[in-house]
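Geometric and topological summary
Chain by chain, the residues run as shown.
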Amino acid sequence: MRTLILVVAILSLCFAGLATADIHNRIGVFSTPEPPDLGCLFVPAPQSCHTRLIAPTPGLYEVYVLAINPHNDRTGEPINMLGGFEFDLEVPAGWFIQAADLPACTIDFDSNNNSFYCGGQVPVDRSDPVVTVLLATITLGSFVDPPPAGYMHMAPYFRAPSLPDLMAVADAEDGFSLSAAIPSRIDFEEPVLAINITVIPAEDRAWGDVKALYR
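Parameters and conventions
- Residues numbered from 1 in each chain as written.
- Predicted model: local features only at pLDDT ≥ 70, side-chain atom pairs only at ≥ 80, totals over all residues.
- Heavy atoms only, no water.
- Disulfide = S-S within 2.5 Å.
- Core = buried A, V, L, I, M, F, W, Y, C linked by side-chain atoms within 4.5 Å.
- Buried < 20%, exposed > 50% of the residue type's maximum accessible area, 1.4 Å probe, protein only.
- Helix = DSSP H or I, 4+ residues; strand = E, 2+ residues; numbered from the N terminus.
- Contact = heavy atoms within 4.5 Å.
- Salt bridge = Lys/Arg side-chain N within 4 Å of Asp/Glu carboxyl O.
- 1 Å grid on protein atoms, 1.4 Å probe; cavity = no way out; pocket = protein on both sides within 12 Å on 5 of 7 lines; lining within 4 Å.
- Points joined across faces, edges and corners; volume = space filled by probe spheres on them.

In this section: the state of the cysteines. Following the criterion strictly, the structure yields zero disulfides and no others. No disulfide involves Cys49; its sulfur sits 7.6 Å from that of Cys40, the nearest cysteine.

Okay, here's the thing in structure tokens:
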């Protein structure tokens with residue numbers, strides 16, 4: 001246990017000071033709409049308040065889909081006006097997505113609550129050192145008492161992703177050109193949000209997170 005705690009502490013210290021420019025085109029689900037501490041992207045989801053939701057009773061809970069530092073792969077420049085995005089959300093058993101509130105002037109062309117195939121014009125505020133864009137406010141629900149524990153994952157848009165096996169963001173100021181996006185914690189197999197999970201995962205899982213950084 002001490003080894004795992006040490007690993008988590010070291011990772012937090014190493015990555016807490018990362019500039020947003022070093023991390024771009026990540027999309028994740030967070031328990032707060034505020035820009036996250038970037039260190040939370042490099043530790044197991046249950047270890048960070050930004051990537052952990054505690055839901056003690058049946059009902060509805062809001063979580064937030066954030067894009068971190070949208071970047072145009074074609075031009076190599078930051079995106080200042082997000083022209084769209086596409087991804088899927090996978091929720092654990094016993095949970096469902098009741099609704100999704102999108103930014104103004106944004107349209108989701110897919111009626112499935114778990115799928116997002118969106119177009120619009122969303123300004124990117126770059127005044128904060130950690131540049132994030134709120135893509136959706138998600139209302140999660142559970143009728144189970146107590147609500148079950150589980151993980152949320154990101155996935156490529158399931159019908160026909162514009163970029164094979166990847167999520168995508170569009171640059172409205174560059175002819176809505178598409179750039180690849182990945183989950184906030186790099187790997188689609190890794191959870192972006194832990195629900196009602198407060199125990200520290202096994203040490204081999206923590207080391208798996210470490211190794212994922214160097215793939």
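What follows covers the nonpolar core. If you look at the biggest cluster of nonpolar residues, it comprises 33 residues, and the most contacted ones within it are Ile27, Phe87 and Leu89. Where this core is concerned, the elements lending two or more residues are strand 1 (26-30), strand 3 (59-68), strand 4 (81-90), strand 7 (115-123), strand 8 (132-142), strand 9 (150-155), strand 10 (167-171) and strand 12 (193-195). Ranked by the residues each element gives to this core, the list is headed by strand 8, at five residues. Dropping the residues within four chain positions of it, Ile27 is found in contact with Val65, Leu66, Ala67, Phe87, Leu135, Met154, Met167, Val169, Ala181, Ile182, Pro183 and Ser184. Phe30, Leu41, Phe42 and Val130 belong to the second largest nonpolar core, which has nine residues in total.

One pass over the structure, following the stated rule, counts three salt bridges. Between Asp174 and Arg74 there is a salt bridge whose closest N-O contact spans 2.6 Å. Of this pair, Asp174 sits in the loop between strand 10 and strand 11 (177-183) while Arg74 sits in the loop between strand 3 and strand 4; the two residues are 100 residues apart in sequence, bridging distant segments of the chain.

Turning next to the environment of Asp22. Here Asp22 shows up in the loop between helix 1 (2-16) and strand 1. Sequence separation between Asp22 and Asn69 is 47 residues; the distance between their C-alpha atoms is 9.2 Å.

Turning next to the environment of Cys40. Turning to its location among the elements, Cys40 is positioned in the loop between strand 1 and strand 2 (52-53). Cys40 has contacts with Phe30, Ser48, His50, Thr51 and Arg185, leaving out every residue within four places of it along the chain.

With that settled, consider the layout of surface pockets. Estimates place the volume of the largest pocket at around 170 Å³. Forming the walls of the largest pocket are 13 residues, and the residues nearest its centre are Phe85, Glu86, Tyr117, Cys118 and Leu178. Only strand 4, strand 7 and strand 10 provide two or more residues apiece to the lining of the largest pocket.

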